[in-house]
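Chain by chain, the residues run as shown.
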Amino acid sequence: MIDGITGIHHITAMASDAARTDTFFTRMLGQRRVKKTVNFDAPEVYHLYYGDRVGTPGTVMTYFPFPDIGAARRGTGEVGHLAWAVREGALKDWARNHRGATQDTAFGENRLHLTGPDGEAFLLVESDSEVGQVWAETLDARMALRGFHSAGLRVADAGGMDDLLRLMGYAPLGTEGSVTRYQVGGNRASVIDLDIRPEMPIATAGAGSVHHIAFAVPDRAVQTEIRDSLIVAGYDVTPVIDRTYFHAIYFRTPGGILFEIATDEPGFEIDEPVATLGEALLLPDRHEPLRGHLEAFLPPL
Ligand code: ZN
């Protein structure tokens, strides 16, 4: 078993409309935009990051808005839902603001189902799970999100994914219906729900699809050990890639979902102060010559 994975680091998805997604995350979910940059490989596309006050790993949702992206087909081989933790009792305030949103209970926890701007399945879960520093500039602190609670992985069969999650240090907690819940040590974005859905089609990526889910490790030394262990176990893992705010490795899982392992360091304060995180358009040095063009081309946020 691999030691050192602490839970979810970030989740990256695709959107159809940068401004609409930005409004949803900052106004409706009350998250802070902690970085406004571009897709380093395709700089005419934003890369937007939303999270807690400082972008603590375990709170960060990132988006690539592609204006021409088509609709997604939901199915297997993708992240099926994302869940944020809220304080016990917070859902009654959320439900008052979102009349018609479904509430239910799973694994003994109360949940509220929200739909994102591109049809994303988002959940708020009353839980004592907590990560990061609450950003309560938009919403009352009682309602504030307290980092990711969990993510749901939807696959056609369990075999390889169960093996992989166990290898990554996750232990099964129990099963309800088609979902088996796994948890890795601690209480910090530490839950994965594996949803076995052989009757569903294979997902097709589009607006609202998650591109990959990243798992957190403290530093590059642990990341290197994990990379070696994954390769020994037969996974085809990329070299370490410098993503400015963290270092990343990627591999495709047996269920078809792209996993990343990302370092907690150096974080989002590396290129701008906490007080103004996410306000300026930040470009890597190689794209600075494009600044004038990009500031005119990208929709204002
Ligand atoms: Zn990533």
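Notes on the structure follow.

Definitions and limits used
- Residues numbered from 1 in each chain as written.
- Predicted model: local features only at pLDDT ≥ 70, side-chain atom pairs only at ≥ 80, totals over all residues.
- Heavy atoms only, no water.
- Helix = DSSP H or I, 4+ residues; strand = E, 2+ residues; numbered from the N terminus.
- Rg over C-alpha atoms; globule rule 2.2 N^0.38 Å.
- Buried < 20%, exposed > 50% of the residue type's maximum accessible area, 1.4 Å probe, protein only.
- Contact = heavy atoms within 4.5 Å.
- Areas by Shrake-Rupley, 256 points an atom, 1.4 Å probe, with all protein chains shown as cover.
- Lys, Arg positive; Asp, Glu negative; His and termini not counted.
- Charge placed at Lys NZ, Arg CZ, Asp CG, Glu CD.
- Donors = N, O, S within 2.8 Å, 3.2 Å for Na, K, Ca; no water.
- Core = buried A, V, L, I, M, F, W, Y, C linked by side-chain atoms within 4.5 Å.
- Polar contact = N/O pair within 3.5 Å; in protein donor to acceptor, adjacent residues only side chain to side chain.
- Pairing = 2+ DSSP bridges.
- Phe/Tyr/Trp six-rings, centres within 6.5 Å; stacked < 30°, edge-to-face > 60°.
- Axes fitted to C-alpha atoms, helices over the stretch in contact; angles between N-to-C directions.

### Some details on the overall build of the protein chain
No. 1: Of regular secondary structure, the protein chain possesses five helices and 16 strands.
No. 2: Since a compact globule built from 301 residues should have a radius of gyration of about 19 Å, the 18 Å found for the protein chain is in line with a globular shape.
No. 3: Along the longest, intermediate and shortest principal axes, the C-alpha atoms of the protein chain span 50 × 50 × 35 Å.
No. 4: Counting over 301 residues, the protein chain shows a buried share of 55%.
No. 5: Of all intrachain contacts in the protein chain linking residues separated by at least 6 positions in sequence, the fraction that spans at least 24 positions is 68%.
No. 6: Entry remark: accessible area of the protein chain is about 12,400 Å², with carbon and sulfur atoms responsible for 51%.
No. 7: Treating the 27 positive side-chain charges of the protein chain as one cloud and the 41 negative ones as another, the clouds have centres 5 Å apart.

### With respect to the coordination of the zinc ion
No. 1: At the metal site, the zinc ion is ligated by His10 (NE2), His212 (NE2) and Glu260 (OE), and these contacts range over 2.0 Å.
No. 2: Read in sequence order, the donor residues for the zinc ion give the motif H-x201-H-x47-E. Note that His10 is positioned in strand β1 (residues 7-15) and Glu260 in strand β16 (residues 258-266), a separation of 250 residues in sequence.
No. 3: Residue classification places Glu260 among the buried residues on the basis of a relative accessible area of 0%.

### Details of the nonpolar core
No. 1: In terms of nonpolar packing, the biggest core is built from 64 residues, with Trp94, Ile213, Phe259 and Ile261 touching the most fellow members.
No. 2: One finds Tyr49, Ala214, Tyr245 and Phe268 within the second-largest nonpolar core, a separate group that totals 13 residues.

### Some remarks on helix α1 (residues 18-28)
No. 1: Looking only at α1, the buried set comprises Ala18, Thr21, Asp22, Phe24, Phe25 and Thr26.
No. 2: For α1, the N-terminal capping position is held by Asp17, with its side-chain oxygen 3.0 Å away from the main-chain nitrogen of Ala19.
No. 3: Just past α1, the residue Gly30 takes up positive phi, approximately 70 degrees.

### A closer look at the pairing of strand β13 (residues 210-217)
No. 1: Within β13, seven of the eight residues are buried, which leaves it mostly tucked inside the rest of the structure.
No. 2: Looking at chain direction, β1 and β13 are connected through six bridges and run antiparallel. Opposite Ile8, over in β13, you have Phe215 as the bridge partner.

### Looking at the packing of aromatic side chains
No. 1: Tallied over the full model, the rule gives 16 aromatic pairs.
No. 2: Seen from their ring centres, Phe25 and Tyr50 are 5.1 Å apart, and the 25 degrees between their planes marks the pair as stacked. You can see Phe25 sitting in helix α1 and its partner Tyr50 sitting in strand β3 (residues 42-51), a full 25 residues away along the chain.
No. 3: The exposure class of Phe25 is buried, given its relative accessible area of 0%.
No. 4: Through a chain of ring-to-ring contacts, the aromatic side chains of Phe24, Phe25, Tyr50, Tyr63, Trp84, Phe122 and Phe148 assemble into a single cluster.

### Observations concerning the environment of Met143
No. 1: Tracing the sequence through the fold places Met143 in the loop between β8 (121-126) and β9 (148-155).
No. 2: Linking Met143 and Trp94, residues 49 residues apart in sequence, is a C-alpha distance of 7.0 Å.
No. 3: If sequence neighbours within four positions are ignored, Met143 has contacts with Val86, Ala90, Asp93, Trp94 and Asn97.

### As for the sheet that holds strand β11 (residues 179-183)
No. 1: A sheet is described by the order of its strands in space; here eight strands give the open sequence β6-β7-β8-β5-β9-β12-β11-β10, paired in mixed fashion. Of all the strands in the sheet, just β6 (103-106) and β10 (171-176) have a single pairing partner and so form its edges. The mean angle between the axes of side-by-side strands here comes to 30 degrees, regardless of whether they run parallel or antiparallel.
No. 2: Sheet analysis places strand β7 (residues 109-115) next to β8, joined by five bridges and oriented antiparallel. If you follow Thr115 over to β8, its bridge partner there is Ala121.
No. 3: This element, helix α3 (residues 159-167), spans β9, β10, β11 and β12 (191-196) of the sheet and lies at about 170 degrees to β12.

### Things to note about the sheet that holds strand β4 (residues 60-65)
No. 1: If you walk across this open sheet you meet the eight strands as β2-β3-β4-β1-β13-β16-β15-β14, and the pairing is mixed. The sheet is open, and its two edges are formed by β2 (32-39) and β14 (241-242), each paired on a single side.
No. 2: Where β14 lies against strand β15 (residues 246-252), two bridges are found, and the strand directions are antiparallel. Considered in β15, the bridge of Ile241 is made with Ala248.
No. 3: The strands touched by α1 within the sheet are β1, β2, β3 and β4, with β3 carrying the most contacts at an inclination of about 10 degrees.

Remember that the coordinates give geometry; whether it matters functionally is a separate question.
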